[in-house]
Amino acid sequence: MSGAVADAEVDRARTLAAEAGRVVVKAGTNSLTDETSNLDDGKLDKLVDDVADLIERDKEVILVSSGAIGAGKGRAGFASDDTVEESQALSTIGQSHLMRRYTESFERYGVTVAQILVTEHDLENPERFTNFKNTVETLLDWGVVPIVNENDAVATEEIRIGDNDMISSSIAIGVGADLLVTLTDVDGVYTGNPKRDADAELIEAVGRNYDEVERIIESSASGSFGGIRTKVSGARRVSEHGIPAIIARSTEPDVLEKVATAQAVGTIFTPINGHEDPE
């Protein structure tokens, strides 16, 4: 595609990502559940393995995890979620199951986890966000991994738009994270929908070419692939605050280790504020 990001900017962004001391990792529902909406133990353990690699490198990690509604479907044996009320009820079943599995999996590394449920409104209200931030800072000081999820039981519109993507970007900006990594079921951002376009190519980096990338996303994103819009918006949002962001496939072997060692993985969003040279 035209307007590609300069190699020097990409290398600089990868170095910043590798050196990040505080990382927000967002995992989507497809990164945690199987085709029958049951929690996939292998996927969840792999995610925890990847996060544990960052912790072993002395990095602070905040995990933003979707999957409560999906896990609730499998747990309850209830396939439908046509109404907001059904989704909310399923989330209450799935959330406790999700946290139980996270607790068990992180215990393999001697790591304690904590649950925090929020809505975008909590993060927009200064007093509520201050309380949230203070709690996160305390947990990180204690060596505990905060696991944040949308409070689906009380949220309404967020359920329908997959707002954990925007919540993760708000958290990354608000707690002064050095990196946002969004893990999903595709390798990154493509020039088309890779699920139906065999010629779609991975876009290695997004920076000054964002407008062109946004046009590609708007023309190709639909149905089950439509969620890439909010992932791209969230990544762009943090990049405008000087924070690199990466969208990558959750099943990529050692995906977070590759990020931490400045290897090419997924699509990287180069920081705009203070790190990208203006033209």
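Residues numbered from 1 in each chain as written. Predicted model: local features only at pLDDT ≥ 70, side-chain atom pairs only at ≥ 80, totals over all residues. Heavy atoms only, no water.

Turning our attention to the packing of helix α2 (residues 41–56) against helix α4 (residues 84–107). In a packed pair of helices, the relevant descriptors are the angle between the two axes and the axis-to-axis distance. Relative orientation of the contacting elements α2 and α4 amounts to 50 degrees, with a least axis distance of 10 Å. One way to sum up the angle between α2 and α4 is to call them oblique. Like other packed secondary-structure pairs, α2 and α4 cross with a definite hand, here right-handed. Contacts between α2 and α4 involve Asp41, Leu44, Asp45, Leu47, Val48, Val51 and Ile55 on the former and, on the latter, Leu98, Arg101, Tyr102, Ser105 and Phe106. (Axes fitted to C-alpha atoms, helices over the stretch in contact; angles between N-to-C directions. Helix = DSSP H or I, 4+ residues; strand = E, 2+ residues; numbered from the N terminus. Parallel < 35°, antiparallel > 145°, perpendicular 65-115°, else oblique. Left-handed = near helix turned anticlockwise from the far one by under 90°. Contact = heavy atoms within 4.5 Å.)

Moving on, we come to α4. Residue pairs three or four apart in sequence face the same way in an α-helix, which turns once every 3.6 residues. Taking 1.5 Å per residue, 24 residues should reach 34 Å; α4 reaches 34 Å between its end C-alpha atoms and fits that length. Largest kink in α4: about 25 degrees, centred on glycine 94. (Expected span 1.5 Å × (residues − 1). Bend = angle between axes of the 7 residues up to and from the residue.)

What holds strands together in a sheet is hydrogen bonding between their backbones, with the strands either parallel or antiparallel. The mixed open sheet is built from eight strands, whose spatial order is β3-β4-β2-β1-β5-β7-β8-β6. Sheet topology places β3 (113–118) and β6 (205–206) at the edges, where each strand pairs with a single neighbour. Two elements, β3 and strand β4 (residues 145–150), share six bridges in a ladder whose sense is parallel. Residue pairing for β4: glutamine 115 is matched across the bridge by isoleucine 147. Packed onto the sheet, helix α1 (residues 7–18) meets β5 (179–184), β6, β7 (245–249) and β8 (267–269) and runs at close to 90 degrees relative to β8. Where α4 meets the sheet, its contacts fall on β2 (60–65), β3 and β4, and the angle it forms with β3 comes to roughly 150 degrees. (Pairing = 2+ DSSP bridges.)

Okay, the pairing of strand β1 (residues 22–27) next. Here β1 lies mainly inside the structure; six of its six residues are buried. Note that β1 and β2 share six bridges and pair parallel. Bridged to lysine 26 within β2 is valine 64. Read from β1 through α2 to β2, the crossover connection turns out right-handed. Sheet topology note: the β1/β5 ladder contains five bridges and is parallel. If you follow valine 25 over to β5, its bridge partner there is valine 181. (Buried < 20%, exposed > 50% of the residue type's maximum accessible area, 1.4 Å probe, protein only. Right-handed = clockwise from strand over helix to strand, strands pointing away.)

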